Amino acid sequence: MTLHQNLIAGEWVGTDGVANVNPSNTNDVVGDYARASADDALAAIAAAKAAFLAWSRSGLLERHAILKKTADEILARKDELGRLLSREEGKTLAEGIGETVRAGQIFDFFAGEALRLAGEVIPSVRPNIGVEITREPVGVVGIITPWNFPIAIPAWKIAPALCYGNTVVFKPAELVPGCSWAIVDILHRAGLPKGVLNLVMGKGSVVGQAMLDSPDIQAITFTGSVGTGKRVAAASVEHNRKFQLEMGGKNPFVVLDDAELAVAVEAAVNSAFFSTGQRCTASSRLIVTEGIHDKFVAAMAERMNGLVVDDALKAGTHIGPVVDQGQLNQDTDYIAIGKQEGAKLAFGGELIARDTPGFYLQPALFTEATNQMRIAREEIFGPVAAVIRVKDYDEALAVANDTPFGLSSGIATTSLKHATHFKRNAEAGMVMVNLPTAGVDFHVPFGGRKGSSYGSREQGKYAAEFYTTVKTAYTLA
Ligand code: NAD
């Protein structure tokens, strides 16, 4: 099998490969991917440092052309790359292709942004002095990504980093190197100069840690778990480096008595179970007012009964497998914890067998849960949701906000008053009305509050905040 190597200083390097296994069929090896060492990470950082000056001064048309070419190739290969994504991560083919298209659109957006970077000219408070405010690249940017969006998250970090003139050391999640390798290959062939983008696939504790410990990385953008995020933060403070964290969620989805039942159920099923519940924006707390509670639970069970859980690549599959054995154990542990805590398992939750050996779990719905239970407080990151019954809107809002996290918050209601109040008062970076908590546009800010995020927003023009640094210049006229 061909070994997919790391890219360091414009050269493909690496000899030892690790198998990338399909979670829908563990007999299927997607490919062999090189595993970088700490020394490889240091070589990549040195290459990015050496390439910085020239790239930071490169012409905007050059950056535009490379990003645009990358966007065009990703979009032209959407079916093939979407299939690779579904094969290595386990989301359905439709979801895999959708995510790939989004990655292409992100590169296209930042190809445009490369031509739109602007500063300000402001009169000084002193006579005969001009003030110019400009944005400059930050330097070497370290990019560390999780496994659950194998192409979109790398895209939304790499595209703005390069667009604004930074050089990059990119470490994807161990579980899903395939899509990351593919987009680095595309960018490399699109004409990026040597060392501008370096790929180091490998272990977080080795490659990631070497990045955290390096004084030569000026900014780190991280998406992943809270625990690793805290390490990124501590190491970055130590090195006086810019950092940005997107971490966990425990997103609420409120259903009010006046909701349209079909809209509420569709949004709740999507929020909780699509992409196998493995989205940071997934909802695992369904907060439902008394008057609609029983109808909602019955309709959810009926809808869940119709969900097909099977091989991600099979036509007709709605929910693919869990990503690996470790995550499956975490999901089933939380299902056991929910039962012990006194919640009622109203639907699903059992392991299921399919034609091929894979990590298949029937989506689980708990009822009679309280917001104090661990299943309502801790991120499970699987297809497991709990219904929490509340009296009225005020209690629903209080319960929705009673969480250490604050990424996305949703509500199903036909009341303009409650929708408006919720938009203003939900303690979250993103609020959804009559829509799933997950599913966002690529050209507007993405990110959360409280324990979910740290630093400036990702995506859209707001990304410039992280990937540039502001300079204020004064000139005597
Ligand atoms: P993780 O924290 O285990 O890993 C994330 C990345 O960090 C991986 O590339 C990993 O190799 C690396 N890493 C691990 N140890 C490291 C270390 N010591 N130093 C440097 N890097 C290290 O997270 P995961 O399991 O891959 O992803 C799941 C988590 O990601 C969930 O908590 C989920 O909510 C979160 N997530 C958040 C968002 C968001 O935008 N808020 C999006 C997707 C996923």
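Residues numbered from 1 in each chain as written. Predicted model: local features only at pLDDT ≥ 70, side-chain atom pairs only at ≥ 80, totals over all residues. Heavy atoms only, no water.

## With respect to the site of the ligand
What counts here: Note on definitions. A residue lies near a molecule or strand when any single heavy atom of the residue is within 4 Å of it. Here a polar contact means two N or O atoms within 3.5 Å. Within protein one must be a hydrogen donor candidate and the other an acceptor candidate, and residues neighboring in sequence count only if both atoms are side-chain atoms. All accessible-area figures derive from a Shrake-Rupley calculation using a 1.4 Å probe, and residue coverage is judged against the displayed protein chains alone. Residues are called lining when one of their atoms sits within 4 Å of a cavity or pocket point, these points coming from a 1 Å grid over the protein atoms alone, where a cavity is a set in which a 1.4 Å probe fits but cannot get out and a pocket is an open set with protein on both sides within 12 Å along at least five of seven lines. Occupancy of a cavity or pocket is assigned to a molecule whenever over half of its atoms lie within 2 Å of that pocket's grid points.
Among the 28 residues in the neighbourhood of the ligand, the closest are listed as T145, E174, S225, M247 and E379. One of the side-chain nitrogen or oxygen atoms of E174 is found 2.7 Å away from an oxygen atom of the ligand. Between an oxygen atom of the ligand and a side-chain N or O atom of E379, the distance comes to 2.6 Å. Burial of the ligand by the surrounding chains reaches 89%, relative to a free accessible area of 850 Å². Assessed atom by atom at 2 Å from the grid points, the ligand resides in the largest pocket.

## A short note on the domain arrangement of the chain
Put simply, the test is: Note that the domain bounds were set by an automatic or database domain assignment. Two residues form a contact once any of their heavy atoms are found within 4.5 Å. Buried area: the accessible surface (1.4 Å probe) lost by two parts on joining, summed over both. Counted as salt bridges are all cases of a side-chain nitrogen of Lys or Arg within 4 Å of a carboxyl oxygen of Asp or Glu.
For the chain, the assigned domains read domain 1 (3–247 + 452–476) and domain 2 (251–433). Distance from the C-alpha centre of domain 1 to the C-alpha centre of domain 2: 31 Å. At the junction of the two partners, domain 1 supplies 24 residues and domain 2 supplies 28 residues. At the boundary of domain 1 with domain 2, total buried surface from both sides reaches about 2000 Å², with 59% on carbon and sulfur atoms. Taken as a group, S24, W147 and S452 account for 25% of the area that domain 1 buries against domain 2, more than any other trio of residues on that side. If you look at where domain 1 meets domain 2, you find zero salt bridges. For the interface between domain 1 and domain 2, the tally reads ten residue pairs in polar contact (both at pLDDT 80 or more).

## Some points on empty space enclosed by the protein
Put simply, the test is: Grid points are joined across faces, edges and corners, and a volume is the space filled by probe spheres set on the points. When residues are sorted by character, Ala, Val, Leu, Ile, Met, Phe, Trp, Tyr, Cys and Pro go into the nonpolar class, Asp, Glu, Lys and Arg into the charged class, and all the rest, Gly among them, into the polar class. Numbering of helices and strands runs from the N terminus, with a helix taken as a DSSP run of H or I at least four residues long and a strand as a DSSP run of E at least two residues long.
Counted by the stated rule, this structure contains four cavities of 30 Å³ or more. Considering only enclosed or pocket space, the largest cavity measures out at about 100 Å³ in volume. Taken together, 15 residues make up the lining of the largest cavity; nearest its centre are G277, A282, S284, E379 and F381. When its residues are assigned to classes, the lining of the largest cavity shows six nonpolar, six polar and three charged. Elements that contribute at least two residues to the lining of the second largest cavity include exactly β13 (251–255), α13 (393–401) and β18 (408–412). Taken together, the residues of the lining of the second largest cavity break down into five nonpolar, six polar and three charged.

## A closer look at the sheet that holds strand β4 (residues 17–22)
The cut-off we apply is this: Two strands are said to pair when DSSP picks up at least two bridges between them. Lines fitted to C-alpha atoms define the axes here, with helix axes fitted over just the stretch in contact, and angles between the N-to-C directions of these axes take values from 0 to 180 degrees.
Taken in spatial order, the three strands of this open sheet run β1-β5-β4, and their pairing is mixed. On the outer flanks of this sheet lie β1 (3–4) and β4, each paired with one strand and no other. Of the strand pairs in this sheet, β4 and strand β5 (residues 25–34) are connected by six bridges, and their pairing is antiparallel. Bridge pairing in β5 links V21 to V29. Those strands touched by helix α3 (residues 78–89) are β4 and β5, and its axis lies near 110° from that of β5.

## What about the nonpolar core?
The condition that has to hold: Nonpolar core, defined: a set of buried Ala, Val, Leu, Ile, Met, Phe, Trp, Tyr and Cys residues in which side-chain atoms within 4.5 Å join the residues together. Exposure is judged per residue with a 1.4 Å probe applied to protein chains only, and the accessible area is read against the type maximum: over 50% gives exposed, under 20% gives buried, and values in between give partly exposed.
With 60 residues, the main nonpolar core has F107, F110, I158, L162 and L187 as its most contacted residues. At nine residues, the largest contribution of residues to this core is made by helix α5 (residues 152–163). Mapped onto the domain boundaries, this core takes at least three residues apiece from domain 1 (3–247 + 452–476) and domain 2 (251–433). Membership of the second largest hydrophobic core comes to 30 residues, among which are I337, M373, I380 and Y393.

## Observations concerning helix α8 (residues 226–238)
Quick note on the threshold: Each helix should span, by expectation, one fewer than its residue count multiplied by 1.5 Å.
The end-to-end C-alpha separation of α8 is 18 Å, in line with the 18 Å expected for 13 residues at 1.5 Å each. Every buried residue of α8 is listed here: G229, V232, A233, A235 and S236. Summarising the contacts, the buried residues of α8 are in contact with α7 (204–212), β11 (219–223) and β12 (242–246). Downstream of α8 by a residue or two, N240 has a phi angle that is positive, lying close to 55°.

## Here's the deal with the packing of aromatic side chains
Defined as follows: Note on aromatic contacts: the rings of Phe and Tyr and the six-membered ring of Trp form a pair at centre separations within 6.5 Å, being stacked when their planes are under 30 degrees apart, edge-to-face when over 60 apart, and tilted otherwise.
Using the criterion set out here, one finds eight aromatic pairs in the structure. Ring centres of F110 and Y164 lie 6.4 Å apart, and the angle between their planes is 80°; on these two criteria the pair is classed as edge-to-face. Separated by 54 residues along the polypeptide, F110 in helix α4 (residues 93–113) and Y164 in the loop between α5 and β9 (167–171) bring together distant segments of the chain. Summarising the aromatic geometry, the rings of W156 and F446 are spaced 5.1 Å apart at their centres and angled 45° between planes, so their arrangement reads as tilted. Of the two residues, W156 sits in helix α5 while F446 sits in the loop between β19 (430–433) and β20 (453–454), which places them 290 residues apart along the sequence. Among the aromatic residues, ring-to-ring pairing joins F109, F110, Y164 and F442 into one connected group.

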